[in-house]
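# Commentary on secondary and tertiary structure
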Amino acid sequence: MKKQILLIATIWAATVSSYAQFSFVHMSDLHISNIPFQNSDTNAHYFRSAIKEFAGLNPKPHFVVVSGDVSNVGNEAPDGMYPTITRYLFPPTLTNPGIGDYFIDSARTVPIYFTPGNHEYWVALSQQPVSNDTLKYYTKYITPDRDYAITTELAVMVVLRSGHDASPSGVPNPDDIEGSGLSDDQITYLRDILSQNSTKRKIIVFHHPAVNAIGTNSDGTPFLGHVSDTADNSFINNRTRFLNICDSNHVDLVLNGHEHQNVAANRKGDTIGENWPYGTRYVQTAAGFNRSYRIITVEPDFVSVSKPKRSNSTPFGVNELSNSFHLSVFPNPASDKITIGCNQKATMDILKIEGQIIRTINNAGMQTTIDLSDLSKGVYIIKAKTDAGIAIMKFIKQ
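In what follows, the accompanying structure is described.

About the criteria used
- Residues numbered from 1 in each chain as written.
- Predicted model: local features only at pLDDT ≥ 70, side-chain atom pairs only at ≥ 80, totals over all residues.
- Heavy atoms only, no water.
- Helix = DSSP H or I, 4+ residues; strand = E, 2+ residues; numbered from the N terminus.
- Buried < 20%, exposed > 50% of the residue type's maximum accessible area, 1.4 Å probe, protein only.
- Contact = heavy atoms within 4.5 Å.
- Areas by Shrake-Rupley, 256 points an atom, 1.4 Å probe, with all protein chains shown as cover.
- Core = buried A, V, L, I, M, F, W, Y, C linked by side-chain atoms within 4.5 Å.
- Pairing = 2+ DSSP bridges.
- Expected span 1.5 Å × (residues − 1).
- Salt bridge = Lys/Arg side-chain N within 4 Å of Asp/Glu carboxyl O.
- 1 Å grid on protein atoms, 1.4 Å probe; cavity = no way out; pocket = protein on both sides within 12 Å on 5 of 7 lines; lining within 4 Å.
- Points joined across faces, edges and corners; volume = space filled by probe spheres on them.
- Nonpolar A, V, L, I, M, F, W, Y, C, P; charged D, E, K, R; others polar.
- Axes fitted to C-alpha atoms, helices over the stretch in contact; angles between N-to-C directions.
- Parallel < 35°, antiparallel > 145°, perpendicular 65-115°, else oblique.
- Arc of directions from axis to C-beta.

### Quick word on the overall build of the chain
Looking only at helices and strands, the chain has five helices and 23 strands in total. Within the chain, the proportion of its 398 residues that are buried is 60%. In the chain, 70% of the contacts between residues at least 6 apart in sequence involve partners at least 24 apart. Of the accessible surface of the chain, which amounts to about 15800 Å², a share of 49% is contributed by carbon and sulfur atoms.

Okay, structure coming up:
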């Protein structure tokens, strides 16, 4: 991986008062894709709807942080699809932005911070992902390719890059993909920042879960993805050193995404409450494209983590016409089969991204498993219809 470029970013006192408590929103896995289905990228519309909701929260969050997979295919031309998301931010025409240059509100009072996930390195959805060290479009539209820290008198939040796709065996395997991990330079940087802020509350944000465990989907149903151990779908290089740093520096909270589930765990992989007080909490937030987020509140004596939340906004009446109708797909991406979860019986159509129906399932139950062996690699649409409304989700066949 190329040499790390390090930066410390400081929130101005006008944004976060020196000693008062403050809160922020954590999101992950937006997967903005600019796919021309019904002339709308549903993921982008959900993001636009969510940030409007965040700007109207009371109390208003001091900032929003997104822990990776901002774009579905970060290195696919043109521009990694990032203009689809940045047109909803302020200022909308910014290129080569600095850290914290974007805001979710036109008054520019709530900045939004980003870090890359593994999808930022992808060059295509229709083939085995190819990873590299160049974030060509990400740096043009989102933020510099850097680790950085947001510091206040009360806390420090360190934002790191956990790398591109890598296999523990060194042989590409779509069923056994981790993040490449943290370089030695990143480990040194993290130690230095935490040491310099030893008396403050400490939060670390990056994409891949440092500790994995079984949690729940965005709608609260059980997560049915496979988690073989605490390092599954985590990152490879320097993971144990990272966990030791969290222990020795009394880190309050590590925030991640990647698995598209909600869960809080301790280092051993035991599931815990979000506000477990006995050590570092490793917390995942489910996918932003499923409207998931959390609110983190930082006080002098503790960092509080909300239960998983879902945006209440319906952007344009396509994905959910009723709050009582929920749809989930896992795993996603998938290679052999997917399981569709739906809290009501439904008629489901599987469509090509261009809109052609290739399969229909009548009276689908609460969980429906679909064999993908006859499908070519690419992006597909699930359209579920009930009396309560219509839900549409994308899934990826690897």
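From this point on, the discussion continues.
### Things to note about the nonpolar core
Ranked by size, the top nonpolar core spans 28 residues in total, and within it Met27, Phe47, Phe54, Val64, Ile112 and Phe114 carry the most contacts. Per-element accounting of this core gives the leading share, five residues, to helix α1 (residues 42-55). Core analysis: the next-biggest nonpolar cluster, separate from the first, contains 25 residues, Ala149, Leu182, Phe242 and Tyr282 among them.

### With respect to the sheet that holds strand β7 (residues 165-166)
Pairing within the open sheet is mixed, and its three strands lie in the order β7-β8-β10. Every interior strand has two partners, whereas the edge strands, β7 and β10 (235-237), have only one. As paired strands, strand β8 (residues 178-181) and β10 are joined by two bridges and run parallel to one another. From the neighbouring strand, Gly179 faces β10, where its bridge partner is Phe235.

### Re α1
Its 14 residues give α1 an end-to-end C-alpha distance of 20 Å, which sits within 8% of 20 Å, the value for a rise of 1.5 Å per residue. Most of α1 sits out of view: 11 of its 14 residues are buried. Buried within α1 we find Thr42, Asn43, Ala44, His45, Tyr46, Phe47, Ser49, Ala50, Ile51, Glu53 and Phe54.

### Considering the pattern of salt bridges
By the definition in use, this model includes nine salt bridges. Among the ionic pairs, Asp79 bridges to Lys140, the shortest N-O distance being 3.8 Å. On the criterion of sequence distance, the pair formed by Asp79 in the loop between β3 (63-67) and α2 (83-86) and Lys140 in helix α3 (residues 136-141) is long-range, its members being 61 residues apart. A relative accessible area of 33% means that Lys140 is categorised as partly exposed. Connected through salt bridges with shared partners, the residues Asp145, Asp147 and Arg161 form a single ionic network.

### Quick look at empty space enclosed by the protein
Applying the stated rule across the entire model yields five cavities of 30 Å³ or more. Together, 21 residues line the largest cavity, and Asn43, Phe289, Asn290, Met393 and Lys394 are the ones closest to its centre. Elements represented by at least two residues in the lining of the largest cavity include exactly α1 and β23 (389-397). Take the lining of the largest cavity: its biggest share by element is six residues, from β23. Taken together, the residues of the lining of the largest cavity sort by class into nine nonpolar, eight polar and four charged.

### Looking at the sheet that holds strand β17 (residues 327-330)
The three strands are arranged β17-β18-β21 in an open sheet whose pairing can be described as antiparallel. In the strand order of this sheet, the two ends are held by β17 and β21 (367-371), each with one partner. Put simply, the sheet's adjacent strands are angled 20 degrees from each other on average, direction ignored. Across four bridges, the pairing between β17 and strand β18 (residues 337-342) is antiparallel.

### Looking at the pairing of strand β22 (residues 378-386)
Among the nine residues that make up β22, seven are buried, leaving the element largely enclosed by the rest of the structure. Pairing analysis gives six bridges linking strand β19 (residues 346-352) to β22, with the strands arranged antiparallel. Counted as the bridge partner of Thr347 is Lys385 from β22.

### As for the packing of helix α4 (residues 184-196) against helix α5 (residues 239-248)
Running from N to C, α4 and α5 cross one another at 0 degrees; their axes reach a closest spacing of 11 Å. With respect to α5, the element α4 is oriented roughly parallel. Touching Asp184, Ile187, Leu190, Arg191 and Leu194 of α4 are Arg241, Phe242 and Ile245, all from α5.

### As for α5
For α5, the complete set of buried residues consists of Arg239, Phe242, Leu243, Ile245 and Cys246. Seen end-on, α5 carries its buried residues on one side only, within an arc spanning 155 degrees. In the core, the buried residues of α5 are packed alongside α4, β9 (201-205), β10, β11 (253-256) and β13 (281-284). Phi turns positive, to about 55 degrees, at His250, one or two residues after α5.

### Notes on unusual backbone geometry
With an omega of 5 degrees, the peptide bond between Asn58 and Pro59 qualifies as cis. If you trace the backbone, Pro59 turns up in the loop between α1 and β3. Between Phe90 and the following residue, Pro91, the backbone shows a cis peptide bond with an omega angle of -5 degrees. Counting through the fold element by element, Pro91 comes out in the loop between α2 and β4 (112-115). Residues other than glycine seldom take positive phi values, yet Asp79 does so here, at roughly 65 degrees. Among the residues examined, Asp79 registers a relative accessible area of 22% and is labelled partly exposed. Backbone geometry places Asn238, a non-glycine residue, at a positive phi of 65 degrees. Note that Asn238 resides in the loop between β10 and α5. Owing to a relative accessible area of 11%, Asn238 belongs among the buried residues under this scheme.

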